[in-house]
Amino acid sequence: MRPLFTLLSLLLVFSSLAQKKSAWVSGRIIDENEKPLTGVSVIILGKTTGLSSNDSGRFRIKVPAGKAFALVFSHTGFADVQKNFYLSDDEEEKISIVMERGGKTLTTIVVSENKERTEAGLTKINPKNALTLPSTTGGIEAMIKTLVGSNNELTSQYSVRGGNYDENLIYINDFEIFRPYLVRSGQQEGLSFINPELARNVNFYTGGFQAKYGDKMSSVLDIQYKKATSFGGSAYVSLLEQGLHLEGAARKGRLSYLMGIRNRSNKNLLKSQETLGAYIPSSSDIQASLAYKLSEKVQLEFLGTYSITKFTLFPESAQKTTSVFSPLFTANLGLDIIFEGQEKDSYKTNLLGFSILHTPNKKLKLKWMASRFQNKENENFDIAGSYLFGDRDFDQTSSTYGQIVNPLGAGYYQNYGRNELDITVYNASLKGSYTAGRHYILFGNSFEQTNINDKLKEWEYQDSAGYSLPYNPPNLTLFKSFNSIADLSIQKYSGYLQDNIRLGNSRQDISLQAGVRYNYNSLNKEFLLSPRLQFSIKPNWKRDVVFKLAAGAYQQPPFYRELRRYDGTLNTDVKAQRSYQFVAGADFNFKAFDSRPFRLTTEAYYKTMTSVDVYDIDNVKIRYAGNNNAKAYAVGFEARLFGELVKDAESWLSLGIMQTKENLDGDHYYQYLNAAGEVINAQSTDQVPVDSIRNEVGFVRRPTDRLITVGLYLEDYLPTNKNFKFHLNMLYGSNMSYNIPNSVKYRNALIIEPYIRVDAGFSAQLLSEKSKRRSHSPFRNFQNIWASFEVFNLIDRRNTISFQLVKDFANNVYSIPNRLTPRLVNFKIVGRF
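For clarity, every value in this text was computed on a predicted model and none was experimentally measured.

A. Fine view of a nonpolar patch on the surface. On the surface, L239, F762, F789, V825, F827 and I829 cluster together to form a nonpolar patch covering roughly 530 Å² of accessible area. In terms of residues, the nonpolar patch owes the most to one element, strand β45 (residues 824–832), which gives three residues. In this structure I829 comes out as partly exposed when scored by relative accessible area, which is 34%.

Below you can see the structure in the form of structure tokens.
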């Protein structure tokens, strides 16, 4: 029996081996210059073990036969390559793999990027994700919104740690960029100034930034464009935007060039707005960056941009609805408006920047810069609306479904504007660095000439129930009227000195950055000094943790909008808003989920502000009081988790908790009492006030106050094929305040409901394997082509951006929400060559 049992066992073993079919894949791995790559990891997708290429770049790996599988080729400093197969038993396929330099920014962040870990508030952003992130605006700013939050999907502007849009610094190749100022709503915006296809490094600071950066209070976006070493480019087409970029080098690498052209139309986004009509938006730009190496010590650089955005609107009608719930009153209120008139706006921006990079020796580097930046804006509108306000019938069985059945108010209004703004900024500056042992000294000095020519002619007429407001018989009085001309010439001098010191030893890594900025401008003749300090330490612990601290003065002189009062007049005596900021944070690298790298950053911050110029925000329009008559504060905590929730797929989660409040000097209101000591209405006709109580308003919410902000970016792919990907972009922001005009008691008392938005994208790689294409193929020079289908506002939630205030026949005021976009779809094709 024993020999028989042994024989049966052997037969079973050989049978199982025979059923397990296998094949082979072999070949050579090279870079773009056809040089062999050693040590490239070759792994079957879904497995954890594989092999590496030899010194000649060759490999041979055993693979399963009779079923589909994929091989993933990865190497430090190179982008991953995936190739799909279906082989028969004992078949061997020979291939050639070309790997391109690049790779994932996230991996660099998690493992080796030290600068981001030691500098307070710094997050490095991968610009390659800008095209894959599902977003209505796209670009670098859309990625920033997942980190700091948003309340408007139609704008590329963002608010950081309680600041407004005017408190953000933006640099491209060290040249400061300014946004258009007359834009009132996100629908008027076009392309973002930043072209993500041209970007190489993107550093975003949320606060506590160093002295080398300028004089604003909230954030810095520092972007460096590419320096091309070989020919390449990309092209993309979508329902919203189209673009082309080319890059290359000539004269044996001494000359490098970079150029991008884009065009965008938001017509598909805007046609589903609450206000129906003919929307004609358009936006185009061209950008070019050149660098020429004169010698080993001298290099010339040029950056030029030109963009034009036009917005035309012929409104027809609007239907707005809101619901009111209270213990005593419940109603569905509607506002129907019939429009006449039109709006035509244009915004032109151009930049010419020249720089000379001089390296006299290994320790000293100098950068001489000169630039001219211009914003030329025109805003023309003459729109009238007749409205009916009241209870809307939502009974689908009723013949009056959707109509206003119980009118509460009716009226007419007209908005007229002919506004022009021309801002030209000339700048000449020197920046440099000097290395001396453990010291890395940065210095700079700048002169700036700003010319502002502003013509403001704007009025609003309101008629409620047949009476013009404000009611002043027998005169016809406008509700609001602005008529002003400003012609300003401002000189600004600024500079900085900063020392970055490495104090660490073999046991721990310590760094210290200490610097000071100065600023003087001829408008208000104010001289400012802003000391700033950053400190970080990496203890010699088993866990990879970095602790960092930052403190400093951040003072923001007025530029343009801060000078305009609510009544349209100009106050040139406005001083700088002053802020003192304190930041403490930690950075923790760890591994989880099959030893995948993760990074957790946390920061707590406190900002105290004085000489504050208070403002209101309506959509994206910021209107200042034009006085330094308030103090404010912002306090909060931020945590961000970066990592690969799915292997080889970037994801991040951001959480923010914040409170920001302001206190205006002397803001108060009175409560009036009758003879019985009861509070009465001051306008009461049947009771006479005999006494009053003065109430101080104190601290109130700022327009940017938001307690909770959550952002999530998630990337995934099919387990058997990385060429099919899924991207998710989710934002949540708790409620915000909205101001009631001309109200002291109820300043910022209206509440905008929480902002919730989910955008999703599905991508498929249509073309890869350049080496396998035939010579006559029209796509033979493309590296890859991707197609994406995007669903914006997946949950179909129309968020509120502002309110329209309407009076009823009894002179009571109601707030009707202005809502943003519903669910929409977009299709996009991206090709790289």
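Alright, that's what it looks like, and here's the rest.
B. Looking closely at the pattern of salt bridges. Applying the stated criterion to the full structure yields 33 salt bridges. Measuring nitrogen to oxygen at the nearest pair gives 3.5 Å for the salt bridge that ties K293 to E296. The class for K293 is partly exposed, based on a relative accessible area of 31%. Residues joined in a network through salt bridges with shared partners are R161, E603, E638 and R640.

C. Up close: empty space enclosed by the protein. This structure, assessed with the given rule, holds 13 cavities of 30 Å³ or more. Of the voids in this model, the second largest cavity is the one considered here, and its volume is about 470 Å³. What lines the second largest cavity is a set of 36 residues, among which V148, S159, T704, R706 and M736 lie closest to the centre. Listing elements by their share of the lining of the second largest cavity, those giving two or more residues are α4 (139–148), β29 (615–618), β31 (630–646), β32 (649–664) and β39 (736–738). Broken down by element, the residue count for the lining of the second largest cavity peaks at five residues, all from β32. Of the residues that constitute the lining of the second largest cavity, the class distribution is 15 nonpolar, 16 polar and five charged.

D. Fine view of the packing of aromatic side chains. Per the stated rule, a full pass over the model turns up 29 aromatic pairs. When the ring of Y158 is compared with that of F204, the centres are 5.9 Å apart and the planes differ by 85°; the resulting orientation is edge-to-face. Within this pair, whereas Y158 is found in the loop between α4 and β9 (168–172), its partner F204 is found in strand β11 (residues 199–205), the two being separated by 46 residues in sequence. By the burial criterion, Y158 is buried, and F204 matches it. Where F590 meets F598, the ring centres are 5.7 Å apart and the plane angle is 15°; that geometry is what we call stacked.

E. Looking closely at the nonpolar core. In this structure, F204, L221 and Y225 are the most contacted members of the largest nonpolar core, which totals 54 residues. The leading source of residues in this core is α4, at six residues. Setting aside residues up to four positions removed in sequence, Y225 forms contacts with I172, N173, F193, I194, N195, L198, A199, R200, L258, Q287 and L303. In this structure, V25, I29, L87 and I95 belong to the second largest nonpolar core, which totals 21 residues.

F. Quick peek at the sheet that holds strand β1 (residues 22–30). Reading across the sheet, the three strands line up as β4-β1-β7 and stay open at both edges, with mixed pairing between neighbours. This sheet does not close on itself; its edge strands, each paired only once, are β4 (58–64) and β7 (92–98). Along the sheet, successive strands turn relative to each other by an average axial angle of 25°, direction set aside. Note: β1 against β4, seven bridges, orientation antiparallel. By the bridge assignment for β4, A23 is matched with V63.

Reading the values: rules and limits
Residues numbered from 1 in each chain as written. Predicted model: local features only at pLDDT ≥ 70, side-chain atom pairs only at ≥ 80, totals over all residues. Heavy atoms only, no water. Patch = residues over 30% accessible without salt bridge, like charges linked within 9 Å, V, L, I, M, F, W, Y side chains within 5 Å. Areas by Shrake-Rupley, 256 points an atom, 1.4 Å probe, with all protein chains shown as cover. Salt bridge = Lys/Arg side-chain N within 4 Å of Asp/Glu carboxyl O. Helix = DSSP H or I, 4+ residues; strand = E, 2+ residues; numbered from the N terminus. Buried < 20%, exposed > 50% of the residue type's maximum accessible area, 1.4 Å probe, protein only. 1 Å grid on protein atoms, 1.4 Å probe; cavity = no way out; pocket = protein on both sides within 12 Å on 5 of 7 lines; lining within 4 Å. Points joined across faces, edges and corners; volume = space filled by probe spheres on them. Nonpolar A, V, L, I, M, F, W, Y, C, P; charged D, E, K, R; others polar. Phe/Tyr/Trp six-rings, centres within 6.5 Å; stacked < 30°, edge-to-face > 60°. Core = buried A, V, L, I, M, F, W, Y, C linked by side-chain atoms within 4.5 Å. Contact = heavy atoms within 4.5 Å. Pairing = 2+ DSSP bridges. Axes fitted to C-alpha atoms, helices over the stretch in contact; angles between N-to-C directions.

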